[in-house]
Amino acid sequence: MHKNVKKILFTEAEIIARSTELGAAITNDYRDRERPPLLVALLRGSVPFLAELIKHIDLDIQYDFMDVTSYAGTESGGDIKILKDLDTSVQDLDILLVEDIVDTGRTLDAVISLLKNKGARSVKIVTLLDKPSRRVLEMKPDYVGFEVPNEFVVGFGMDYNQLYRGLPYIGVLKEECYQ
Ligand code: IMP
């Protein structure tokens, strides 16, 4: 375990097992649609989860990336900027937004409005983690890997000041590391 991690919440095996279940549920829900969904992953935290999840979706999906947040430190800011827009048109497509963690809900709220304004037919959310205790805007992800308590987590894509993204598990960062 990394020296700055206080405890492990979810091991790599648990994350893979849960991603397998989510992939099966998504496959089942979208199987009869005219076209498979376009997965839109929010950079950078969702990349490891996207990579795991797509192995378990048995549909001809495509994926694209957006970078939208000016998130820094441990507080989610309300000031959301588009740093990288999609390369793909979302007109008439079913979109599945892929997130690492839903915290206040501000990021997804802004992205959902944006995609709907661009003509997406539907927008659903799959998130590896959900931290509902911190919600500021009403936001109920359609597919959730795990619910987490109000603690700052890192690993499997999630960072503190760009560190710890490569940890293969999800852990709680020691308080002294972000104070
Ligand atoms: P929201 O807009 O407040 O829902 O923030 C979502 C984003 O904040 C996530 O995509 C993460 O980048 C970041 N975030 C929120 N909580 C944590 C955490 O506990 N660890 C790492 N990143 C977090």
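Residues numbered from 1 in each chain as written. Predicted model: local features only at pLDDT ≥ 70, side-chain atom pairs only at ≥ 80, totals over all residues. Heavy atoms only, no water.

Considering the overall build of the protein
Scanning the protein from N- to C-terminus turns up three helices and eight strands. Mapped from its N terminus to its C terminus, the protein presents α and β elements in the order β-α-β-α-β-β-α-β-β-β-β. Since a compact globule built from 179 residues should have a radius of gyration of about 16 Å, the 16 Å found for the protein is in line with a globular shape. The principal-axis extent of the C-alpha atoms belonging to the protein is close to 50 × 35 × 25 Å. Within the protein, the fraction of its 179 residues that count as buried is 47%. Sequence separation of 24 or more characterises 68% of the internal contacts of the protein that already satisfy a separation of 6 or more. Carbon and sulfur atoms make up 47% of the accessible area of the protein, which totals about 8900 Å². Positive and negative charge centroids in the protein, built from 22 and 29 side chains respectively, lie 3 Å apart. (Helix = DSSP H or I, 4+ residues; strand = E, 2+ residues; numbered from the N terminus. Rg over C-alpha atoms; globule rule 2.2 N^0.38 Å. Buried < 20%, exposed > 50% of the residue type's maximum accessible area, 1.4 Å probe, protein only. Contact = heavy atoms within 4.5 Å. Areas by Shrake-Rupley, 256 points an atom, 1.4 Å probe, with all protein chains shown as cover. Lys, Arg positive; Asp, Glu negative; His and termini not counted. Charge placed at Lys NZ, Arg CZ, Asp CG, Glu CD.)

Overview of the pairing of strand β5 (residues 122-130)
Burial within β5 is extensive, with eight of its nine residues counted as buried. Examined bridge by bridge, strand β4 (residues 94-102) and β5 share eight bridges and lie parallel to one another. The residue bridging L96 from the neighbouring strand is K124, located in β5. The β-α-β motif built from β4, the intervening helix α3 (residues 106-117) and the parallel element β5 has right-handed crossover chirality. The pairing of β5 with strand β6 (residues 143-147) spans four bridges and is parallel. Across the sheet, residue V126 finds its bridge partner in β6, namely Y143. (Pairing = 2+ DSSP bridges. Right-handed = clockwise from strand over helix to strand, strands pointing away.)

With respect to the pattern of salt bridges
Taken as a whole and judged by the stated rule, the model has 13 salt bridges. Between K6 and E151 there is a salt bridge whose closest N-O contact spans 3.8 Å. Taken together, the residues span a long stretch of sequence, with K6 in strand β1 (residues 5-10) and E151 in the loop between β6 and β7 (153-154) at a distance of 145 residues. (Salt bridge = Lys/Arg side-chain N within 4 Å of Asp/Glu carboxyl O.)

Quick look at unusual backbone geometry
Of note, the bond from L43 into R44 is cis; its omega dihedral lies within 30 degrees of zero at -5°. Within the secondary structure, R44 is located in the loop between β2 (38-42) and α2 (47-53). Located in the positive-phi region is N161, a residue other than glycine, with phi close to 50°. Look at N161 and you get partly exposed, because its relative accessible area is 48%. The backbone of Y164 sits at a positive phi, close to 75°, despite the residue not being glycine. Its location among the elements puts Y164 in the loop between β7 and β8 (170-173). In this structure Y164 comes out as buried when scored by relative accessible area, which is 12%.

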